[in-house]
Amino acid sequence: MAAIVNHTSLFSLVFAILGLSSICLIEAQKGGFSVELIHRDSPKSPLYNPLETTFNRVTNAVRRSFNRVHRFKPTSVSTKVADVDIIVDSGEYLMNISIGTPAFDIVAIADTGSDLIWTQCMPCSQCFKQDAPLFDPSESSTYKTFSCSASQCENLEGNSCSSDNSCQYSVSYGDNSFSIGDLAADTLTLPSTTGRPVAVPNTVIGCGHNNDGTFDEKTSGIIGLGGGDVSLISQLGTSIAGKFSYCLLPISQTGESSNMNFGSNAIVSGNGVVSTPMTKQFPPTFYFLTLEAVSVGSNRINFTGSSFGTDEGNIIIDSGTTLTLFPEDFYSELESTVSSQIKATRVDGPEGLSLCYDAQTDFAVPNITIHFTDADVRLQPLNTFVLVSDTVACFTFSPVQDLAIYGNLAQMNFLVGYDTNKQTVSFKPTDCSSKHHISSGVVRVCLWASGHFFLPLVYLCLFQICFIVLMIF
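Please read all numbers here as calculations on a predicted model, not as lab measurements. (Residues numbered from 1 in each chain as written. Predicted model: local features only at pLDDT ≥ 70, side-chain atom pairs only at ≥ 80, totals over all residues. Heavy atoms only, no water.)

## Side note on the side chain of Gln168
Here is the rule: Each helix is a run of H or I in the DSSP string that is no shorter than four residues. Each strand is a run of E no shorter than two, and both are numbered from the N terminus. Exposure is judged per residue with a 1.4 Å probe applied to protein chains only, and the accessible area is read against the type maximum: over 50% gives exposed, under 20% gives buried, and values in between give partly exposed. As used in this structure description, the phrase polar contact means that two N or O atoms lie within 3.5 Å; if the pair is within protein, one of them must be able to donate a hydrogen and the other to accept it, and residues adjacent in sequence are counted only when both atoms belong to side chains.
You can see Gln168 is positioned in strand E7 (residues 167-172). Owing to a relative accessible area of 16%, Gln168 belongs among the buried residues under this scheme. A polar atom in the side chain of Gln168 sits 2.6 Å from the side chain of Asp182.

## As for the sheet that holds strand E15 (residues 291-296)
For sheets, the rule is that strands pair by backbone hydrogen bonds, running either parallel or antiparallel. Note the following rule: At least two bridges found by DSSP between two strands is the condition for calling them paired. Helix axes use the C-alpha atoms of the stretch in contact, all axes being lines fitted to C-alpha atoms, and the angles between their N-to-C directions lie in the range 0 to 180 degrees. Contact definition: two residues touch when any of their heavy atoms are within 4.5 Å.
Here we have 4 strands laid out as an open sheet, ordered E16-E15-E21-E22, and antiparallel in their pairing. Only two strands of the sheet have a single neighbouring strand rather than two, namely strand E16 (299-302) and strand E22 (375-379). For this sheet the average axis-to-axis angle between neighbouring strands, irrespective of direction, equals 20°. Relative to strand E21 (residues 368-372), E15 runs antiparallel, the two being bridged by 5 bridges. In the sheet register, Val294 faces E21, and the bridge partner there is Ile370. Relative to E16, helix H5 (residues 328-340) is tilted by about 175°, and along the sheet it contacts E15, E16 and E21.

## Here's the deal with the packing of aromatic side chains
Selection criterion: Note on ring pairs: Phe, Tyr and Trp rings are taken, using the six-membered ring of Trp, and paired if centres are within 6.5 Å. Classes follow the plane angle, with under 30 degrees stacked, over 60 edge-to-face and the rest tilted.
For the structure on display, the rule yields 21 aromatic pairs. Arranged with centres 5.2 Å apart and planes meeting at 85°, the rings of Phe372 and Tyr406 form a pair that is edge-to-face. With a gap of 34 residues between them, Phe372 in strand E21 and Tyr406 in strand E26 (residues 405-406) connect regions that are remote in the sequence. Relative accessible area serves as the criterion here: at 1%, Tyr406 is assigned to the buried category.

## Focus on the state of the cysteines
Quick note on the threshold: Working definition: a disulfide is two cysteine sulfur atoms within 2.5 Å of each other.
Tallying each qualifying case throughout the model produces 6 disulfides. Disulfide partner of Cys124: Cys127, at an S-S distance of 1.4 Å. Note on the Cys124 and Cys127 pair: the S-S dihedral is about 80°, so by sign convention the disulfide is right-handed. Residue Cys124 is classed as partly exposed on the basis of its relative accessible area, which comes to 26%. Relative accessible area serves as the criterion here: at 29%, Cys127 is assigned to the partly exposed category. A sulfur-sulfur distance of 1.9 Å marks the disulfide that ties Cys148 to Cys161. Here the disulfide of Cys148 and Cys161 is right-handed, its torsion about the S-S bond being about 105°.

## Brief notes about the confidence of the model for the protein
For clarity, the cut-off: Within a predicted model, pLDDT stands for the predictor's per-residue confidence, ranging from 0 to 100.
Looking at the protein as a whole, its pLDDT mean stands at 79, while 75% of the residues score no less than 70. This stretch, residues 1-29, has a pLDDT under 50; its non-local contacts, to residues over four places away or in other chains, come to 25 contacts. This model gives residues 439-473 a pLDDT under 50, and the stretch forms 40 contacts once residues within four places in sequence are excluded.

## Points about the nonpolar core
Filter applied, for reference: Definition used in this section: a nonpolar core is a set of buried Ala, Val, Leu, Ile, Met, Phe, Trp, Tyr and Cys residues joined via side-chain atoms within 4.5 Å.
Counting residues in each nonpolar core, the largest one holds 87 residues, and the members touching the most others are Phe262, Ile317, Phe326, Ile370, Phe372, Tyr406 and Phe427. Among the nonpolar cores identified, the runner-up in size contains 20 residues, and Cys153, Leu156, Leu183 and Val204 belong to it.

## Side note on the sheet that holds strand E23 (residues 385-387)
Read across the open sheet, the 4 strands follow the order E19-E20-E24-E23; overall the sheet is antiparallel. Among the strands making up the open sheet, the edge pair consists of strand E19 (346-347) and E23. When E23 meets strand E24 (residues 392-395), the two strands line up antiparallel, connected through 3 bridges. Across the sheet, residue Phe385 finds its bridge partner in E24, namely Phe395.

Here it is, written out as structure tokens:
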């Protein structure tokens, strides 16, 4: 009888260990995961050109910043979100995702200025040249189209109905590029860097059968990360508690990958965190903040507003725009103040960057602070000046008519967190080359277990933590 009791106890122990192991894994993945963000100029990117110099890459990024401005102009936004004026090659970051069952890999532009997730599909009546194979929906057991009466179709701006009563989407861009196809649902799989891949069933996607324009042949479509109903963020919804964040590496480290975090992994907390409210405006795709002023040293320059507004919601934060752009009058005063505090030789830089210096000798950069409502974000020199060549460094802010956009150079080495439920954006100065900013939910669960169970479970949890850390690094 004693032997039976021992076996039962052993079985219970094993069951408890396996159960707690599952708890640890679930806590690490349920609503909390991270994906790789690949800069388009990284060697990991299919867009990488090894023949380009630093000057070429910065010049191209500047050009894309000004091209991208077209999507944000209120005059180019019609009553239909699908008609927003967008330049399609202007995204700076890529994501690897999979669609369908079995999973079909695609590389797409990750875009906080777009909503719909779409890719080119077979059969294709008109497709732009694409190096990778096209997604064939007939090969996916989980693919399904929407009828015209489906709520997903009725809520989509720019929808139409085909002769067989299936819902059609249409997106057009400012350079006359476009994508037209079936509005559908399928399983979207995200290759998590912090655990197993995360599958999201019944994700609304666009399956493009008629696409043309200036799309790059190295990519397959767009992953919309905006605030609209059909964006990846909105569709993940309650499973990530409306939270996502990213930590963008400095431009000098584009050979490495940045991270985008979701759910519990996206929580921004601790010393140095500041938060500012988002403002809901049209179109809902964009993330609007309120800029009150910019300080250069002790000189505070009050922001008088942009075409987005003079008070609340007067600036857009956008990871796809490289430069920070301000209305011409405000920028002129800002540049004058910055230049008055720099003792160095001014030189010419790429078109669009008007404040450049000879970088062959070191020069001191003034402290610049961005004053959002309730949040003062103090920038580092890497946020405010960029080397465009071995000998020239330029100011990362630039003038544009009437608009205000907070670009990605100003966000580098900050953990930037969006909470769409609380409608806030948070900033925390962070070394983005370190992975320690990822949430430690699994550690919290295992510490709880150590206080409620017994030593073998603690060992198991420590093993589980080490396993996850190994996967992260």
